[in-house]
Amino acid sequence: MIYIQIKEVMKAKRLAWGRKVTLNELAEATGISRMTLSRMANNKGYSTVTSHLDKLCQFFECELHELVKYVPDNKPTHAF
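Note on numbering: residues in each chain are counted from 1, in written sequence order. Note on the predicted model: pLDDT of at least 70 is required for a residue's local features to be given, and 80 or more for side-chain atom pairs to be given and counted; whole-chain, interface and lining totals, by contrast, use all residues. Hydrogens and water molecules were not included; the side-chain quantities draw on all heavy atoms of the structure.

### Considering the packing of helix 1 (residues 6-17) against helix 4 (residues 50-60)
Throughout, an axis means a line fitted to C-alpha atoms (over the contacting stretch in the case of helices), and angles, computed between N-to-C directions, take values from 0 to 180 degrees. Put simply, DSSP marks the helices as runs of H or I at least four residues long and the strands as runs of E at least two long, and each gets a number from the N terminus on. Two elements in contact, helix 1 and helix 4, have axes separated by 11 Å at closest approach and are oriented at 15 degrees. Of the possible angle classes, the one that applies to helix 1 and helix 4 is roughly parallel. Between helix 1 and helix 4 the crossing geometry is left-handed. Each of Ile6, Val9, Met10, Lys13 and Trp17 in helix 1 lies in contact with helix 4, whose residues at this interface are Leu56, Phe59 and Phe60. Just so you know the grouping, Ala, Val, Leu, Ile, Met, Phe, Trp, Tyr, Cys and Pro go in nonpolar, Asp, Glu, Lys and Arg go in charged, and all remaining residues, Gly too, go in polar. Here the residues of the contact of helix 1 with helix 4 are counted per class, giving seven nonpolar, no polar and one charged. Roughly parallel means an angle under 35 degrees; roughly antiparallel means over 145; roughly perpendicular covers 65 to 115; every other angle is labelled oblique. For a crossing to be left-handed, the near helix must be turned anticlockwise from the far one by less than a right angle; the clockwise case is right-handed. Between two residues, a contact is recorded if the distance between any of their heavy atoms is within 4.5 Å.

### A few points about the pattern of salt bridges
What counts as a salt bridge is simple: a side-chain nitrogen of Lys or Arg found within 4 Å of a carboxyl oxygen of Asp or Glu. A complete count under the given rule lists one salt bridge for this structure. We note a salt bridge from Glu25 to Arg19, for which the minimum N-O separation is 3.0 Å. Judged by its relative accessible area of 36%, Arg19 falls in the partly exposed class. Relative accessibility decides the category of a residue: with a 1.4 Å probe and only protein chains considered, values under 20% of the type maximum give buried, values over 50% give exposed, and everything between is partly exposed.

### A closer look at helix 4
Every buried residue of helix 4 is listed here: His52, Leu53, Leu56, Cys57, Phe59 and Phe60. All buried residues of helix 4 fall inside an arc of 165 degrees around its axis, so they share one side. Summarising the geometry of helix 4, the exposed residues directed more than 90 degrees from the buried face are Thr50 and Gln58. Tucked inside the fold, the buried residues of helix 4 contact strand 1 (2-4), helix 1, helix 2 (23-30), helix 3 (34-42), helix 5 (64-67) and strand 2 (68-70). Two residues or fewer past helix 4, Glu61 is found with a positive phi of approximately 55 degrees. Here the arc refers to the directions that run from the helix axis out to each C-beta atom.

In C-alpha cells, the structure reads:
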C-alpha cells in the first residue's frame, strides 16, 4: 500500500523552517482543497492524482520519496 506522509513532512518542515505549517496554508499555497489534504493526511492508502503530489513536492521542496512510502501488504504473492 502507498502512504502519503503529509503529517510527517509537515513535522519535518516545522523543525527545518522553524514554524508550523497548517493544512489551511498548504491548501492556499497549492490549490488543493483542505478536505482533500485532510483525507490524504488521515486516510492510509488514500488515492490521489499525480498533480497533487507534484504540488506538494513543490511546496515542501522535497523529493517524491520523502512524501510517499510503500508498505507491502501481508498477503501472499502468486507462485511462479
